[in-house]
Amino acid sequence: MATVFELFIVEEDESYARGGAQAAFAEVDRLEMEMSRFIENSDIARLNSAFSSEIVEVGMEVFDCLSRAVEMCEQTGGAFDISIGALYECWLNEDKTVRQPSEEEVARACQLTGMNHLKLDTESFGVEVLSEGLQLDLGGIGKGFAAEKVAEILREWSLGQALVLAGASSVLSVSVPDGMSGWPIRLRNPSCPSEILARFELTKGALSGSGRQKGQHIIDPREAGIGPVEGRLAAWSMADDAVTADALSTAFMVLEPAEIDDYCLANPQTAAIIIPDDASGKSQRTQAMCFGQWRGINWESD
Amino acid sequence: MSNGIDRRKFMRSSAAAGAGLVLANRALGQADAKKDINVALLGAGAQGQVLMNAIFKLGRDSGIKFRAVCDIWEKGNLSRVSRTLKAYGRYGHAGTAYVDYQEMLEKEKELDAVLVATPDFWHAEHTIACFDKGLHVYCEKEMSNSIESAKNMVLAGRKAEKLLQIGHQRRSNPRYIYCHDKVINEANLLNRITNISGQWHRSREACVDLKWPNGKEIPKETLKKFGYDSMSQFRNWRWYKGLGGGPIVDLGSHQIDVYSWFLDNAVPSSVMASGGVDYWKDHEWYDNAIAIFEFPTKKGLVRATYETLTTNSSNGYYELFMGDQGTLLISESAGRGELYRESWVEEAKWDPWVQKGVVKLEKASVKPEAKAGDDEVDVRESATPALYRMPIEMKVPYHQPHLVNFFESIRGNQTLNCPGEIGYETAVMVLKVNEAIAAGRKIELKPEDFKV
């Protein structure tokens, strides 16, 4: 995850709230050890270095997270796909600038993309890796997953009046504090930070944002052969839980507006905003497109 | 399995080589002729859960079956771990929960071994009770908070003729075994080791007292019965005299154990130390400690320093072995391992070990070369030492190989990497640090101080 988690907790006893936060952060640290692909003995690193047909026994949490990732891949028609790691390694340098791979490299990376390379054994917590070289990256779902675990711990501590921030890009409302109508949320236009795109109150569920910095590229796992494109500037998604929201914002970076519309219609608890391609300088607020619950909303002006 | 004998042979040789441990774990997963070992977890806190999870990741065919779990925190760790064990029921685990360890040992008739991960001051009583029932014991470090009790554990194990593995898990870590066997002993790349330093610096944030959710307290009478004044003391026992040993014992012990191991299990002839309760309030044990040991070895004296902090995380944790020809930096922390050749040592001296694949040259030494005929002296920065790496990774949970070593020793396929006698030596070394701080003077040690 390699990100900073923050918590807002409403509670009279500050020291008690800190105690709960400490327990929650400890859980995030523990999950990082299981889920980071950069830690050589994490479950994800073990899967990424598995040989063909090897069954890797993973922890319960990683198994849950992988199961959710499979669901989200299916739900988004492959636009969200954690097996995208090989494509990223093939097409992008570490700073996300484009590199020029050979045809063989591209073919191999395409071949290794797809959740069909992974078989989850629901009878145990074993994960079979069907193709050696598969590179899983929980970047688009791990934060949301950890945020849900944090919420679980806060509820256990009776600290439910809380907001979980996973990096700057994912927020989860555990519940709204007494006397408040919702957590105040603000979305800015990334190409023009002084411009507020939307202001609203998050009552339940989660909100997640994805975007790219100038010069960075994104890859559509469904169009693996095409390689990186500058593509969409930003996408936000709202959903009932942080895992879904996190995965959706990643998918909404590459799904066509009509596909996002379909998704939000089929899943009534979801909503999305996207800022289209940024080919000619700064995107305007008027260009932002809203979907689902946010469709047709007239955002209060600044 | 038709090749059962070959596999066992492989297990034995891999234990010696270390490098094969990862493969050995794969072999474990495929075995069908494994004798089941029934275990109980005694102490279900953070460390107990680490051990449990490392065992789960051996897979459903490991033959290791949890039968029960015991912890006095019924509404906390006990219910959490019991729930988890039940979730793994299809692996053959059972999560029968006990608050009282005596009741567990009485009622669970099928046990072969117990994993003891309770606070240090309980280790001796728990371990000895298990031996009395004829069970093997994997006991977390520190073996005990008292030298006398640690000694009694070893004696009880000998009397019962059962195995006692102490949880210094680096002893089974393939990266550490590689450094010990290959880099230091076989290739002798450091040559004469003269000094060792090491540290575990932990950030203030990671050392804040632990709390507990409202309504989940342990009843007062239970706390009292098991030796705690309060729920806060139970959660933070490591800081209290009579319960734990403070950071030098919690953190330093692992690393000081490696000092001794890499010096062929040498024991120190003296220790001096400084430390204090300088930062944290309401703690009894020293929140920072700096120790100096003198290790007499066959090759000469090795002077070693060790430092542990609980206010600052600068440079994390590692052990640094310094010889007159090279330096080895090793840490349990994923991927942290470096080897430097002193710049005066010719590259050709290490080349054969690079050819053999024992070490990999990552960055050659940058050395100014004197050209024939030059009539001026070219002055520039001094040569940087060449950087080498060990071609070995740790691909399984940190504690897993040490647990496997314990289970395979029960099955008769391996011998313990950290038996009670070794754990005892380490316990003496670290407990003497606290004694030296309290006494404010150098403490001389004799070889017999480390013998049981």
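Criteria and thresholds
- Residues numbered from 1 in each chain as written.
- Chains lettered and ligands numbered in written order.
- Predicted model: local features only at pLDDT ≥ 70, side-chain atom pairs only at ≥ 80, totals over all residues.
- Helix = DSSP H or I, 4+ residues; strand = E, 2+ residues; numbered from the N terminus.
- Rg over C-alpha atoms; globule rule 2.2 N^0.38 Å.
- Buried ≥ 20, exposed ≤ 12 C-beta atoms within 10 Å, placed from the backbone.
- Contact = placed C-beta atoms within 7 Å.
- Pairing = 2+ DSSP bridges.
- Axes fitted to C-alpha atoms, helices over the stretch in contact; angles between N-to-C directions.
- Core = buried A, V, L, I, M, F, W, Y, C linked by C-beta atoms within 7 Å.
- Domains from an automatic or database assignment.
- pLDDT = per-residue confidence, 0-100.
- Nonpolar A, V, L, I, M, F, W, Y, C, P; charged D, E, K, R; others polar.

This brings us to the overall build of chain A. Scanning chain A for helices and strands turns up eight helices and twelve strands. Taking 2.2 N^0.38 as the reference for a compact globule, 302 residues should give roughly 19 Å; the C-alpha atoms of chain A span a radius of gyration of 19 Å, in line with that estimate. The dimensions of chain A, computed from C-alpha atoms along their principal axes, are 60 × 45 × 35 Å. Every one of the 302 residues in chain A was classed for burial, and the buried ones make up 43%. Within chain A, counting contacts between residues at least 6 apart in sequence, those at least 24 apart form 62% of the total.

Residues and elements named next belong to chain A. Ordered by their spatial adjacency, three strands build an open sheet running β2-β4-β3, and the pairing between neighbours is antiparallel. The open sheet is flanked by β2 (54-57) and β3 (118-121), the only strands paired with a single partner. The sheet shows a mean angle of 25° between the axes of neighbouring strands, taken without regard to direction. Bridge count between β3 and strand β4 (residues 126-129): four bridges; the pairing is antiparallel.

Turning next to the nonpolar core. Ala40, Leu41, Val114 and Val137 of chain B are the most contacted members of the largest nonpolar core, which has 115 residues in total. The dominant element in this core, judged by the number of residues it contributes, is helix α14 (residues 420-439) of chain B, at ten residues. Both of domain 1 (4-172 + 399-418) and domain 2 (176-211 + 248-395 + 424-450) of chain B provide at least three residues apiece to this core. When near neighbours in sequence (up to four residues on either side) are disregarded, valine 114 of chain B contacts Val39, Ala40, Leu42, Cys130, Leu135 and Val137 of chain B. Ile141, Ile260, Ala272 and Phe291 of chain A belong to the second largest nonpolar core, which has 89 residues in total.

What follows covers the domain arrangement of chain B. In terms of domains, chain B is made up of domain 1 (4-172 + 399-418) and domain 2 (176-211 + 248-395 + 424-450). With 14 residues of domain 1 of chain B at the interface, the matching set in domain 2 of chain B holds 19 residues.

All names here are of chain A. By domain assignment, chain A separates into domain 1 (49-139) and domain 2 (175-292). Each of domain 1 and domain 2 has a C-alpha centre, and these two points are 23 Å apart. Taken together, the 19 residues of domain 1 in the interface contact 18 residues of domain 2. Contributions of two or more residues to the side of domain 1 that touches domain 2 are made by α3 (60-75), α4 (85-91) and α5 (103-111).

Okay, the confidence of the model for chain B next. Residues and elements named next belong to chain B. Of all residues in chain B, 90% have pLDDT values of 70 or greater, and the mean over the chain is 91. Scored below 50 in pLDDT, residues 1-33 makes 50 contacts in the model with residues more than four places away or belonging to other chains. What the predictor reports for the complex is a pTM of 0.91 with an ipTM of 0.90.

All names here are of chain B. With an omega of -10°, the peptide bond running from lysine 141 to glutamate 142 counts as cis. Mapped onto the elements, glutamate 142 comes out in the loop between β5 (136-139) and α7 (147-160). A positive phi is found at asparagine 191, a non-glycine position, where the angle reads about 60°. Tracing the sequence through the fold places asparagine 191 in the loop between α8 (174-186) and β7 (193-201). If you check the backbone angles, aspartate 282 has positive phi at about 60° while not being a glycine. As for its position among the elements, aspartate 282 is in the loop between β8 (270-276) and β9 (288-297). The exposure class assigned to aspartate 282 is exposed, which follows from the 11 C-beta atoms found within 10 Å.

Further remarks concern the sheet that holds strand β3 (residues 96-98) of chain B. Residues and elements named next belong to chain B. Strand order across the open sheet formed by six strands is β3-β2-β1-β4-β5-β6, with parallel pairing between neighbours. With partners counted over all chains shown, the strands left at the sheet margins are β3 and β6 (164-166), one partner each. Neighbour-to-neighbour, the strand axes of this sheet turn through a mean angle of 25°, independent of strand direction. Pairing of β5 with β6, which is carried by three bridges, proceeds in the parallel orientation. Note on β6: the bridge partner recorded for cysteine 139 is isoleucine 166.

Now for the interface of chain B and chain A. The partner chain A presents 18 residues to the 22 residues of chain B that form the contact. When the residues that make up the side of chain B that touches chain A are grouped by side-chain class, the tally is eleven nonpolar, five polar and six charged.

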